Amino acid sequence: MTAVVAVRAGSQRVKNKNMQDLGGITLLERKLYNLLDVQIKGHIDKIIVNSDSDEMLEIADNLYCETHKRDEYYASSECTNSEFHRHIGAVTESEDIFLAPVCSPFVEVETHIKAIKLYQEEGYDSLTSVTEVKNHLWMDGHPLNYDLDNVPNSQDLPDVVKLNYGITIAKREVMKDLGRVVGDNPGFLKIDEKESIDIDTPFDLLVARGVLNES
């Protein structure tokens, strides 16, 4: 199994997001140290940093990770998720690919290992981490998960989860051939609120720093 850390220079909502400091090291370094621990424990074979940024590729080199210089298009906002997933599948020579986003900095080493074991033991063609959603949801002017004539307490709402992508594992052919990371036989792993933190906006980064300071 190969872990791929896909990072680009042109982050939109948080400038230079992958190089932001969290606890004295960059988000990229934090993720690589995490994965190196998983590798030392024997659960992944290699780590590849896939990026258009020479600075980020140099960090990978310094930590003895492999690198792939990404073509400009696949690091642009014009590239769709499906195109990006096909790209990762095409350039990563591994039957199983573990996508490890640096914007999910609190996923623990043991959670990575738990996900890998579950994926391998159950024979899934993909596995994605999820967060439980216990909210009254609406779309197009109508409730999605409850009846307006019988409004339940939030804890009694149906079991709905959202994909948080803190952990994503998929067969190479799922990514390369289908252009997605959720296969036809997917597995899902619930992770807790802290591990689910996804840094996508400046506010998310403030939250992550606050959580780290309180840990």
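Just above, that's the structure.
Residues numbered from 1 in each chain as written. Predicted model: local features only at pLDDT ≥ 70, side-chain atom pairs only at ≥ 80, totals over all residues. Heavy atoms only, no water.

Draft legend 1. View of the sheet that holds strand β6 (residues 96–99). Overall, mixed pairing links the seven strands, which are arranged β5-β4-β1-β6-β10-β7-β11 in an open sheet. Each edge of the sheet is formed by a strand with only one pairing partner; in this case those strands are β5 (66–69) and β11 (186–190). Direction aside, the axes of adjacent strands within the sheet are offset by 30° on average. By the bridge criterion, six bridges tie strand β1 (residues 2–7) to strand β4 (residues 46–51) in an arrangement that is parallel. Bridged to T2 within β4 is K46. Where helix α2 (residues 54–62) meets the sheet, it contacts β1, β4 and β5, and its direction lies at approximately 165° from that of β5. (Pairing = 2+ DSSP bridges. Helix = DSSP H or I, 4+ residues; strand = E, 2+ residues; numbered from the N terminus. Axes fitted to C-alpha atoms, helices over the stretch in contact; angles between N-to-C directions. Contact = heavy atoms within 4.5 Å.)

Draft legend 2. Here's a closer look at the packing of aromatic side chains. Scanning the model with the defined rule gives one aromatic pair in all. Judged by centre distance (5.5 Å) and plane angle (80°), the ring pair of Y73 and Y74 falls under edge-to-face. Residue Y74 is classed as partly exposed on the basis of its relative accessible area, which comes to 28%. (Phe/Tyr/Trp six-rings, centres within 6.5 Å; stacked < 30°, edge-to-face > 60°. Buried < 20%, exposed > 50% of the residue type's maximum accessible area, 1.4 Å probe, protein only.)

Draft legend 3. Summary view of the environment of V151. With respect to the helices and strands, V151 occurs in the loop between β9 (142–143) and β10 (160–171). Take V151: its relative accessible area is 47%, and that puts it in the partly exposed class. Once the C-alpha coordinates of V151 and H136 are considered, the two residues, 15 residues apart in sequence, prove to be 8.9 Å apart. If near-sequence neighbours (up to four positions away) are discounted, V151 is found in contact with H136 and Y146.

Draft legend 4. Helix α1 (residues 27–40), seen in detail. Taking 1.5 Å per residue as the helical rise, α1 with its 14 residues ought to reach 20 Å, and the 20 Å between its terminal C-alpha atoms agrees with that figure. Along α1, the residues that are buried comprise L27, L28, R30, K31, L32, N34, L35, L36 and V38. Directly beyond the C-terminal end of α1, a positive phi value near 90° is found at G42. (Expected span 1.5 Å × (residues − 1).)

Draft legend 5. Region of the structure containing the pattern of salt bridges. Within this structure, the stated rule accounts for nine salt bridges. The partner of D54 in a salt bridge is K69, with the nearest N and O atoms 3.0 Å apart. Here D54 is found in helix α2, whereas its partner K69 is found in strand β5, with 15 residues between them in sequence. K134 serves as the salt-bridge partner of D159, at 3.1 Å between the closest nitrogen and oxygen. One end of the pair, D159, is in the loop between β9 and β10; the other, K134, is in the loop between β7 (126–133) and β8 (138–139), and 25 residues separate them in sequence. On the accessibility criterion, K134 (22% relative accessible area) is partly exposed. Where salt bridges share partners, they join E95, D96 and K171 into one cluster. (Salt bridge = Lys/Arg side-chain N within 4 Å of Asp/Glu carboxyl O.)

Draft legend 6. Expanded view of the side chain of T26. The topology assignment puts T26 in strand β3 (residues 25–26). By relative accessible area, which is 12% here, T26 ends up buried. When residues no more than four places from it in sequence are discounted, the contact partners of T26 are N18, M19, Q20 and D21.

Draft legend 7. How the structure looks around the nonpolar core. With 43 residues, the main nonpolar core has V5, L28, L32, I44, I47, F98 and I169 as its most contacted residues. Element by element, the count of residues in this core is highest for α1, at six residues. Discounting residues that sit within four places of it in the chain, F98 has contacts with M1, T2, A3, V4, H112, I116, I167, T168 and I169. Listed in part, the nine residues of the second largest apolar core include I88, I97, L99 and M175. (Core = buried A, V, L, I, M, F, W, Y, C linked by side-chain atoms within 4.5 Å.)

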